[in-house]
Amino acid sequence: GDSVTQMEGPVTLSEEAFLTINCTYTATGYPSLFWYVQYPGEGLQLLLKATKADDKGSNKGFEATYRKETTSFHLEKGSVQVSDSAVYFCALSAITGANSKLTFGKGITLSVRP
Amino acid sequence: GAGVSQSPRYKVAKRGQDVALRCDPISGHVSLFWYQQALGQGPEFLTYFQNEAQLDKSGLPSDRFFAERPEGSVSTLKIQRTQQEDSAVYLCASRKQGAGNTEAFFGQGTRLTVV
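Computed from a predicted model, the values in this text were never measured in an experiment.

A.B. asks: What's the story with unusual backbone geometry in this structure? I'm lost.
C.D. replies: Only a minority of non-glycine residues have a phi that is not negative, and only a minority of peptide bonds are not trans. Note the cis peptide between A:Gly9 and A:Pro10, where omega equals -5 degrees. B:Pro8 follows B:Ser7 through a cis peptide bond whose omega is -10 degrees. Position of B:Pro8 relative to the elements: it lies in the loop between strand S1 (5–7) and strand S2 (10–13). The residue A:Lys60 is not glycine, and still its phi comes out positive at about 55 degrees. Summarising the element assignment, A:Lys60 is placed in the loop between strand S7 (56–59) and strand S8 (62–65). Residue class for A:Lys60 comes out partly exposed when judged on its relative accessible area of 49%. Phi is positive for B:Arg81, which is not a glycine, with a value near 45 degrees. Within the secondary structure, B:Arg81 sits in the loop between strand S8 (75–79) and strand S9 (88–95).

A.B. asks: Is there a simple way to explain the state of the cysteines in this structure?
C.D. replies: Simply put, the disulfide is a covalent bond whose two ends are the sulfur atoms of two cysteines. Residue and element names in this part refer to chain A. The tally for this structure, following the rule as stated, stands at two disulfides over all chains. Cys 23 shares a disulfide with Cys 90; S-S distance 1.9 Å. An S-S torsion of about -70 degrees defines the bridge between Cys 23 and Cys 90 as left-handed. Taken together, the positions of Cys 23 in strand S4 (residues 23–26) and Cys 90 in strand S10 (residues 86–93) put the pair 67 residues apart, joining distant regions of the chain. The exposure class of Cys 90 is buried, given its relative accessible area of 1%.

A.B. asks: What is the right way to look at the interface of chain A and chain B in this model?
C.D. replies: By a widespread convention, an interface's size corresponds to the accessible area lost as its parts come together. Facing 23 residues of chain A, the contacting portion of chain B comprises 24 residues. For the pair chain A and chain B, the summed buried surface comes to about 1700 Å²; carbon and sulfur atoms form 50% of the total. There are zero salt bridges connecting chain A and chain B. Taken together, the links from chain A to chain B amount to four residue pairs in polar contact (both at pLDDT 80 or more).

A.B. asks: Explain the side chain of B:Asp56 to me, please; I cannot follow it from the model alone.
C.D. replies: Inspection of the secondary structure assignment puts B:Asp56 in strand S6 (residues 53–56). Not counting the four nearest positions on each side in its chain, B:Asp56 is found in contact with A:Asn99, A:Lys101, B:Phe45, B:Leu46, B:Thr47 and B:Tyr48.

A.B. asks: Got a minute to help me understand the side chain of A:Gln38 in this structure?
C.D. replies: Tracing the chain through its elements places A:Gln38 in strand S5 (residues 32–38). Among the polar contacts listed, one links the side chain of A:Gln38 to the backbone oxygen of A:Glu42, at a separation of 3.5 Å. Among residues more than four places away in sequence, those in contact with A:Gln38 are A:Gly43, A:Leu44, A:Ala86, A:Val87, A:Phe89 and B:Gln37.

A.B. asks: Quick question: what am I supposed to make of the pattern of salt bridges here?
C.D. replies: A side chain of one charge can pair with a side chain of the opposite charge if their charged atoms are brought near each other. Residue and element names in this part refer to chain A. Tallied over the full model, the rule gives six salt bridges over all chains. A salt bridge links Glu 63 to Lys 56; its shortest N-O distance comes to 3.6 Å. A residue is classified by how much of its surface remains accessible, and Lys 56, at 52% relative accessible area, is exposed. A salt bridge links Asp 84 to Lys 77, with the nearest nitrogen and oxygen atoms 2.8 Å apart. For the residue pair Asp 84 and Lys 77, the accessibility class agrees, reading buried in each case.

A.B. asks: Explain the sheet that holds strand S3 (residues 19–24) of chain B here, please?
C.D. replies: Sheet strands pair via backbone hydrogen bonds, and the direction of the pair is either parallel or antiparallel. Residues and elements named next belong to chain B. The strand order across the open sheet built from four strands is S1-S3-S8-S7, with neighbouring strands paired in antiparallel fashion. Looking at the sheet topology across the chains shown, the edges are occupied by S1 and strand S7 (65–68). On average, each strand axis in the sheet is inclined to that of its neighbour by 15 degrees, with strand direction left out of account. Where S1 and S3 come together, three bridges link them in antiparallel fashion. By the bridge assignment, Gln 6 is partnered in S3 with Cys 23.

A.B. asks: Help me understand the nonpolar core in this model?
C.D. replies: A general trend in soluble globular proteins is that nonpolar side chains are found buried together. The biggest cluster of nonpolar side chains holds 27 residues, and the ones touching the most others in it are A:Trp35, A:Leu47, A:Leu48, A:Phe73, A:Leu75 and A:Tyr88. In terms of residue count, S10(A) provides more of this core than any other element does, four residues in total. Contacts of A:Leu75, omitting those with residues within four sequence positions, involve A:Leu19, A:Thr20, A:Ile21, A:Trp35, A:Leu47, A:Leu48, A:Phe62, A:Glu63, A:Ala64 and A:Tyr88. Ranked by size, the runner-up nonpolar core spans 20 residues in total, among them B:Trp34, B:Leu46, B:Ile79 and B:Cys92.

Reading the values: the criteria
- Numbering of residues starts from 1 in every chain and runs along the sequence as written.
- Just so you know, chain letters begin at A and ligand numbers begin at 1, following the order they were written in.
- Predicted model: local features are reported for residues with pLDDT of at least 70 only, side-chain atom pairs are reported and counted for 80 or more only, and whole-chain, interface and lining totals are derived from all residues.
- The side-chain figures draw on all heavy atoms in the structure; neither hydrogens nor water molecules are used.
- A run of H or I in DSSP becomes a helix once it reaches four residues, and a run of E becomes a strand once it reaches two; helices and strands are each numbered from the N terminus.
- Relative accessible area decides the class of each residue, using a 1.4 Å probe on protein chains only: under 20% of the type maximum gives buried, over 50% gives exposed, and in between gives partly exposed.
- Counting rule for disulfides: a pair of cysteine sulfur atoms within 2.5 Å.
- Here, residues are in contact when the closest pair of their heavy atoms is within 4.5 Å.
- Once two parts are brought into contact, the accessible area they lose, counted with a 1.4 Å probe and summed over both, makes up the buried area.
- By definition here, a salt bridge exists when the distance from a side-chain nitrogen of Lys or Arg to a carboxyl oxygen of Asp or Glu is within 4 Å.
- What qualifies as a polar contact is a pair of N or O atoms within 3.5 Å, subject to a donor-acceptor requirement within protein and to the restriction that residues adjacent in sequence count only when both atoms come from side chains.
- Strands are treated as partners if at least two bridges between them are detected by DSSP.
- Note on method: axes are straight lines fitted to C-alpha atoms, helices fitted across the in-contact stretch only, with angles between N-to-C directions ranging 0 to 180 degrees.
- In plain words, nonpolar cores are sets of buried Ala, Val, Leu, Ile, Met, Phe, Trp, Tyr and Cys residues tied together by side-chain atoms within 4.5 Å.

Written out as structure tokens, the structure is:
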């Protein structure tokens, strides 16, 4: 079945540091890929997405590129802020069928210190 | 309201008790999903509705779990004879369309603790 693997956490960075969070996936067909973020006390929010190979999703300074050859969707940000402290989930959705349910990775906690 | 609303936010149940968790999706959203998120894990799919039709319930862990959406809007997830392993955050998400990959909007979840 479909699965998503995220790097182990937690991750602690200083403000303005470079961030990479690795995500790889296993899926049949050509899934859409997502990064969701959960800020403290809030629900899951879509951060960015990519729906086909070589697409780059971007939002709030975060970027991720859909790499079909390496089945990866790594999240990057050039300069993190304290407000980026949150839990980040990589997810995929099968492109076929009415039920485009999301398959999530375990999530990784990012803490950014001033 | 503007977003997906879930109630209660927190529920403590004694083992063996039945519980009902409510989800109010965004008005007009066709698709509704339930997910279960254990501590330290990502959300896992439970079931999917398109309007009032439950099209996929493959993720429900046992026959103690039951979900309904009788009028195609509000949904209720019911867990009968709760067990300690049912302790988790239950998330509801809604999406405007049926098929396709438009954005799914999540509620804040209901944290269920079975003691």
